[in-house]
Amino acid sequence: MTEEPKIARAYHDHGHGREFARISLDYDARFLRRKMLQCDDGQSLLVDLPQTTSLNHGGVLVLDGGAEISIIAAPEELLEVTGDALARIAWHIGNRHTPCQIEDTRLLIQRDHVIRDMLGKIGAQVCEVVEPFTPEGGAYGHGRTHSHAH
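Residues numbered from 1 in each chain as written. Predicted model: local features only at pLDDT ≥ 70, side-chain atom pairs only at ≥ 80, totals over all residues. Heavy atoms only, no water.

Comments concerning the sheet that holds strand β7 (residues 75-82)
We apply this condition: Whether two strands pair comes down to DSSP finding at least two bridges between them. Numbering of helices and strands starts at the N terminus; helices are DSSP runs of H or I of at least 4 residues and strands are runs of E of at least 2. By definition in these notes, contact holds between two residues if any of their heavy atoms fall within 4.5 Å. Inter-axis angles, ranging from 0 to 180 degrees, are taken between N-to-C directions of lines fitted to C-alpha atoms, where helices are fitted over the stretch in contact.
What the four strands build is an open sheet, ordered β8-β9-β7-β10; its pairing is antiparallel. The open sheet has two edge strands with one neighbour each: β8 (101-102) and β10 (125-132). Strands in contact with helix α1 (residues 86-95) are β7 and β9 (107-110); relative to β9, the strand with the most contacts, it is inclined by about 20 degrees. Against the sheet, helix α2 (residues 113-121) makes contact with β7, β9 and β10, and its axis sits at roughly 140 degrees relative to β10, the strand it touches most.

Encoded structure:
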């Protein structure tokens, strides 16, 4: 006999109560409305949100009954971008509507050979890393922006 999945119908950008479980998701998997997922401890979870939502690291899915599933940004394959003109490099990344995690001394983006080639041409140093990805949200409010692929 299999256990019925837990159901989450709400999302909050930070926890309010006790953590029931955790779920580690990469950046792309953290953008959803309705989907069956598996928590880190193996429990089944049905996410059934009223609208497509960007789940952020540190946010929580709220189960029926109020218990919370913590959202963890899972490590993924990224490009670490550095260089002397980091602001200029960031402009070029943003101009291509590429999600970007902005830090004081580096930028992180998802691996893309076309963007990598462009970055090399403008003098950026690029290396491959594997770590959690938490890019900046959209300019017009919280959440993510869409690439031209939408």
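Let's talk about unusual backbone geometry
Note on backbone geometry: most residues besides glycine have negative phi, and most peptide bonds are trans. In this structure, histidine 97 takes a positive phi of about 55 degrees despite not being glycine. Mapped onto the secondary structure, histidine 97 falls in the loop between α1 and β8.

Brief notes about the nonpolar core
Worth spelling out the cut-off: Residues grouped as a nonpolar core are buried Ala, Val, Leu, Ile, Met, Phe, Trp, Tyr and Cys residues, joined through side-chain atoms within 4.5 Å. Burial classes: relative accessible area under 20% of the type maximum marks a residue as buried, over 50% as exposed, and values in between as partly exposed (1.4 Å probe, protein chains only).
Counting 17 residues, the largest nonpolar core has Ile23, Leu45, Val47, Leu55, Leu61 and Ile69 as its most contacted members. Of all the secondary structure elements, the ones that give two or more residues to this core are β1 (6-12), β2 (19-25), β3 (31-38), β4 (44-54), β5 (60-63) and β6 (68-73). Aside from chain neighbours lying at most four places away, what touches leucine 45 is Pro5, Lys6, Ile7, Ala8, Ile23, Lys35, Met36, Leu37, Cys39, Leu61, Leu63 and Ile69. In terms of nonpolar packing, the next biggest core, distinct from the first, is built from 14 residues, Ile93, Ile109, Ala124 and Val126 among them.

Some remarks on the environment of proline 50
Here proline 50 is to be found in strand β4. By relative accessible area, proline 50 is classed as exposed at 72%. As a C-alpha pair, proline 50 and alanine 10 span 40 residues in sequence and 7.8 Å in three-dimensional space. Proline 50 has contacts with Arg9 and Arg33, leaving out every residue within four places of it along the chain.

Looking at the environment of leucine 107
Along the chain, the position of leucine 107 falls in strand β9. When its relative accessible area of 2% is taken as the criterion, leucine 107 is described as buried. Separated by 75 residues in sequence, leucine 107 and leucine 32 place their C-alpha atoms 25 Å apart. Ignoring any residue separated from it by four or fewer positions in sequence, one finds leucine 107 in contact with Leu79, Glu80, Val81, Leu86, Ile89, Ala90, Ile93, Cys100, Gln101 and Ile102.

Some details on the sheet that holds β6
Reading across the sheet, the six strands line up as β2-β6-β5-β1-β4-β3 and stay open at both edges, with mixed pairing between neighbours. Because the sheet does not close on itself, it has two edges, and the strands there are β2 and β3. For this sheet, the mean angle separating the axes of adjacent strands, direction not counted, is 25 degrees. Bridge count for β5 against β6 is three bridges, and the pairing is antiparallel. Bridge pairing links valine 60 to serine 70 in β6.

Here we look at α1
Basically, it comes down to this: Arc definition: it is the arc formed by the directions from the helix axis to the C-beta atoms.
For α1, the complete set of buried residues consists of Leu86, Ile89, His92 and Ile93. Down the axis, α1 shows its buried residues gathered within 120 degrees of arc, on one side only. Structural note: α1 exposes Ala87 and Trp91 on the side pointing more than 90 degrees away from its buried face. Taken from the residues just after α1, histidine 97 is the one with a positive phi, measuring 55 degrees.

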